[in-house]
Amino acid sequence: MSTILEKIAQIESEMARTQRNKATAGHLGLLKARLAKLRRELITPKGGGGASEQGFEVSKTGDARVGFVGFPSVGKSTLLSNLAGVYSEVAAYEFTTLTTVPGCIKYKGAKIQLLDLPGIIEGAKDGKGRGRQVIAVARTCNLIFMVLDVLKPLTHKKLLEHELEGFGLRLNKQPPNISFRKKDKGGVNLNATVAQSELDLDTVKSILGEYKIHNADITLKYDATADDLIDVIEGNRIYIPCIYLLNKIDQISIEELDVIYKIPHCVPISAHHHWNFDDLLDMMWQYLQLVRIYTKPKGQLPDYSSPIVLHHEHTSVESFCNKLHRTIAKEFKYALVWGSSVKHQPQKVGIEHVLNDEDVVQIVKKV
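Below, the structure is looked at part by part. (Residues numbered from 1 in each chain as written. Predicted model: local features only at pLDDT ≥ 70, side-chain atom pairs only at ≥ 80, totals over all residues. Heavy atoms only, no water.)

## Side note on unusual backbone geometry
When glycine is set aside, most residues are seen to have a negative phi, and most peptide bonds are trans.
Then comes step 1: With an omega of -10 degrees, the peptide bond between Gln345 and Pro346 qualifies as cis.
Then comes step 2: Its identity as a non-glycine residue notwithstanding, Asn276 has a phi of 65 degrees, on the positive side.
Then comes step 3: Looking at the secondary structure, you find Asn276 in the loop between β11 (266–268) and α9 (277–288).
Then comes step 4: Even without being glycine, Gln289 reaches a positive phi, approximately 55 degrees. (Helix = DSSP H or I, 4+ residues; strand = E, 2+ residues; numbered from the N terminus.)

Right, dumping it as structure tokens:
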């Protein structure tokens, strides 16, 4: 492990020494690719999986999962206790929480699991502290709450983002619009629909050569960077929305609070005094993009108390059927839908129909 860390340190120092210009772009791309490969080896060591450490694997419950990430002693446990009513040990010293503490809240009919992850320290991505397990759990979340202390400078946010990015987590980003296809022969074929400032054929070839890929079709649909290309080749990057929670706002002035409100993806809160939790939950709901569908048994009123919650990527009638029970899709004849996804109320739809939030659905089976 130390040899991998030494190699990473060597590559990072070489990248810091290298001037950035057109002549060195290919070399820098190669170094970035090597760095990405070494990082992947750090996260998933070669050989067997090995026993997972006690207390980190938490079974997934509810409709979505939200992870609290932050440096030690910024108020993650206080926030979880006050939001979900779960007792996570709280004290005035750092590293109070040592394992993952799960909690659950019900919001707008959806059950949302909250995970209080132990504090991350600098160098977590290189295996320091228990950072690797913490970030491995963070990768399974649908949304990250990055808890920051409002009194400490924004360098904390930069450090945390750097640690998470080292683990292949991309916060508040979309997957790169690059199509990449391996082939058996024909060499590397690069097409760019817009002018590229960083990538040219030689740079792309040197990056692909590091992965021992010599035949591939690549289409760049925007001005991409070497990092974007490496993300696409690695294929194990996870794109997660993230909300920055600036905690302890009871210790700053109103003027400072006005400035904080202008930062994107940010919610100022006070976990201790329960301030601004409404805004936080509202923003959480927007970022999770969950879709609630109400069921309607034949000849009865719709059941508005317990909606079926779907993720925004899978909102077809088929996904809805599978969420209810896996045999329903086989016996499906048609569905009657009331709501904003249809023109007429009700409307007869097939299994491919895409549902909107708060639609009412009645399923008719084959006889």
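## Looking at the nonpolar core
Then comes step 1: Leu79, Ile112, Leu114, Phe145, Leu245 and Met284 are the most contacted members of the largest nonpolar core, which has 32 residues in total.
Then comes step 2: Here the element with the most residues in this core is α9; it accounts for eight residues.
Then comes step 3: Leu245 has contacts with Leu79, Phe145, Met146, Val147, Leu148, Val267, Ile269 and Leu280, leaving out every residue within four places of it along the chain. (Core = buried A, V, L, I, M, F, W, Y, C linked by side-chain atoms within 4.5 Å. Buried < 20%, exposed > 50% of the residue type's maximum accessible area, 1.4 Å probe, protein only. Contact = heavy atoms within 4.5 Å.)

## Some details on the side chain of Asp228
Then comes step 1: Locating Asp228 in the fold gives a position in helix α7 (residues 226–234).
Then comes step 2: One buried charged side chain, Asp228, makes no salt bridge at all; its nearest oppositely charged neighbour is Lys173, positioned 6.4 Å away.
Then comes step 3: When neighbours within four sequence positions are excluded, Asp228 is seen to be in contact with Pro176, Ile178 and Tyr222. (Lys, Arg positive; Asp, Glu negative; His and termini not counted. Salt bridge = Lys/Arg side-chain N within 4 Å of Asp/Glu carboxyl O.)

## What to know about the pattern of salt bridges
Then comes step 1: The full count for this structure, using the stated rule, is 14 salt bridges.
Then comes step 2: Between Glu210 and Lys37 there is a salt bridge, and its shortest N-O distance comes to 3.7 Å. Separated by 173 residues along the polypeptide, Glu210 in helix α6 (residues 201–210) and Lys37 in helix α2 (residues 25–43) bring together distant segments of the chain. Summarising the burial analysis for this pair, Glu210 and Lys37 share the class buried.
Then comes step 3: With a closest N to O distance of 3.0 Å, Arg292 and Asp357 form a salt bridge. Pair noted here: Arg292 is in strand β12 (residues 290–295) and Asp357 is in the loop between β15 (347–349) and β16 (359–365), with a separation of 65 residues, a long-range link.

Shape descriptors only; they carry no functional weight alone.
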